[in-house]
Amino acid sequence: FRERKLIVHIIPFENRRQILVTHDVTETERTEMMRRDFIANASHELRTPLTVIVGFLEIAASEDLDYATRMAHLKLMTEQGHRMQHLIEDMLTLSRLESVDHPMRPEPIDVRTLMERVLRDARALSAGKHQITLEVDGPDIRGSADELHSAFGNLASNAVRYTPTGGNIRLSWGASAKGGAKFVVEDTGIGIDPEHISRLTERFYRVDKSRSRETQGTGLGLAIVKHVLLRHGGSLSIKSEAGKGSSFTVCLPAGG
Ligand code: ADP
């Protein structure tokens, strides 16, 4: 039972009778709170790299730096600039996914090509540090190839980013028990403690902020996955054990 907040208006009516009008504002307030949190988080995430960039620019303007130091500062500023770019791209993706003016237009998906793109991106990110395999043996579906690429790519890149060097990552596309398709990403990475699992798809929720940032994380990847799956009538289930690894399973309906 959740506490609800109602606004009650009592309007006088003829013959001393009154009309009672109630508005349930629980949901409105919750949405408003989420919006405020999102803006606060996003501003904080953007301010941090910007502070670094402005700091280095101020040094560059006031000090006569040698070539090597200048280059080191430029490298750090570029990294922070990329971090901001990444975050803005993820925020735009999320807002497009949530927009009612931007409906999903289902098209037949060439699953093998999509899976090979996801594998290629994951291998590029891993740069040879993990063994990454792919199996494709499942039905074709319909959906948005770009959105599914973004969702599956986020899951695969998380597996790479949260698995130490030498670990294994397995991507597989198969049939689901309900007659649809199933995409599974398994890793032998750092795993997740059970108390975090139900919150992972919230925007900016991270188990370890510094690890997420070190590996170019924005904290929005799983929120994007959740929204893409909502638009495709799919679902996500997460199994994990700290120190052992995780598996993320996406189920999609037959036909899409
Ligand atoms: P981030 O950009 O921080 O990776 P995500 O929304 O993609 O954001 O993921 C949210 C959090 O879930 C991560 O910060 C991390 O703590 C956890 N996480 C996601 N995938 C994995 C994984 N494969 N192994 C361990 N932890 C994970």
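Residues numbered from 1 in each chain as written. Predicted model: local features only at pLDDT ≥ 70, side-chain atom pairs only at ≥ 80, totals over all residues. Heavy atoms only, no water.

As annotated in an unreviewed UniProt entry, the protein carries the name Phosphate regulon sensor protein PhoR and comes from Pseudoduganella namucuonensis. Regarding the protein, the UniProt comment filed under Function (unreviewed entry) reads as follows: "Member of the two-component regulatory system PhoR/PhoB involved in the phosphate regulon genes expression. PhoR may function as a membrane-associated protein kinase that phosphorylates PhoB in response to environmental signals." Quoted verbatim from the Catalytic activity (unreviewed entry) heading of the UniProt record, the comment on the protein is "ATP + protein L-histidine = ADP + protein N-phospho-L-histidine." (UniProt positions renumbered as here; feature names shortened; annotations may be inferred.)

Glancing now at the site of the ligand. Around the ligand, 21 residues are found, and the nearest of them are Y162, S212, T218, G219 and L222. Within the side chain of R161, a nitrogen or oxygen atom sits 2.9 Å from an oxygen atom of the ligand. A total of 530 Å² of accessible area belongs to the ligand in isolation, and the protein chains cover 98% of it. The greatest single-element share of the shell around the ligand, amounting to 3 residues, is contributed by helix α4 (residues 145-161). Split into classes, the residues belonging to the shell around the ligand amount to 10 nonpolar, 8 polar and 3 charged. (Near = heavy atom within 4 Å. Polar contact = N/O pair within 3.5 Å; in protein donor to acceptor, adjacent residues only side chain to side chain. Areas by Shrake-Rupley, 256 points an atom, 1.4 Å probe, with all protein chains shown as cover. Helix = DSSP H or I, 4+ residues; strand = E, 2+ residues; numbered from the N terminus. Nonpolar A, V, L, I, M, F, W, Y, C, P; charged D, E, K, R; others polar.)

All right, on to the pairing of strand β9 (residues 245-252) then. Most of β9 sits out of view: 7 of its 8 residues are buried. For strand β8 (residues 235-241) and β9, the ladder comprises 7 bridges, and the chain directions are antiparallel. Paired with S235 across the strands is C251, a residue of β9. Between the end of β8 and the start of β9, which pair antiparallel, lie 3 residues, with G243 showing a positive phi angle near 85 degrees. (Buried < 20%, exposed > 50% of the residue type's maximum accessible area, 1.4 Å probe, protein only. Pairing = 2+ DSSP bridges.)

Bringing the packing of aromatic side chains into the picture now. Two aromatic rings are characterised by how far apart their centres lie and by the angle between their planes. Under the defined criterion, the tally for this structure stands at 3 aromatic pairs. Judged by centre distance (5.7 Å) and plane angle (35 degrees), the ring pair of F38 and F204 falls under tilted. One end of the pair, F38, is in helix α1 (residues 26-62); the other, F204, is in the loop between α5 (194-197) and α6 (209-214), and 166 residues separate them in sequence. On the basis of relative accessibility, which here comes to 18%, the residue F38 falls in the buried class. Geometrically, the ring pair formed by F152 and F183 is tilted, given 4.3 Å between the ring centres and 40 degrees between the ring planes. Taken as a pair, F152 in helix α4 and F183 in strand β7 (residues 181-187) lie far apart in primary sequence, 31 residues in all. No difference in accessibility class separates F152 from F183, as the two residues are buried. Put simply, the rings of F152, W173 and F183 pair up and form one aromatic cluster. (Phe/Tyr/Trp six-rings, centres within 6.5 Å; stacked < 30°, edge-to-face > 60°.)

Note that soluble globular proteins tend to have their nonpolar side chains buried in a common cluster. One finds F152, L171, W173 and F183 to be the most contacted residues of the largest nonpolar core, which totals 43 residues. By residue number, the principal contributor to this core is α4, which donates 7 residues. Not counting residues up to four positions away in its chain, the partners in contact with F152 are L114, M115, V118, W173, F183, V250 and L252. (Core = buried A, V, L, I, M, F, W, Y, C linked by side-chain atoms within 4.5 Å. Contact = heavy atoms within 4.5 Å.)

A word on the pattern of salt bridges. Scanning the entire structure with this criterion turns up 13 salt bridges. E27 is the partner of R30 in a salt bridge, and the nearest nitrogen-oxygen pair spans 3.3 Å. Linking R30 with E27, this pair stays in helix α1, spanning 3 residues, or about one helical turn. Residue class for R30 comes out partly exposed when judged on its relative accessible area of 39%. (Salt bridge = Lys/Arg side-chain N within 4 Å of Asp/Glu carboxyl O.)

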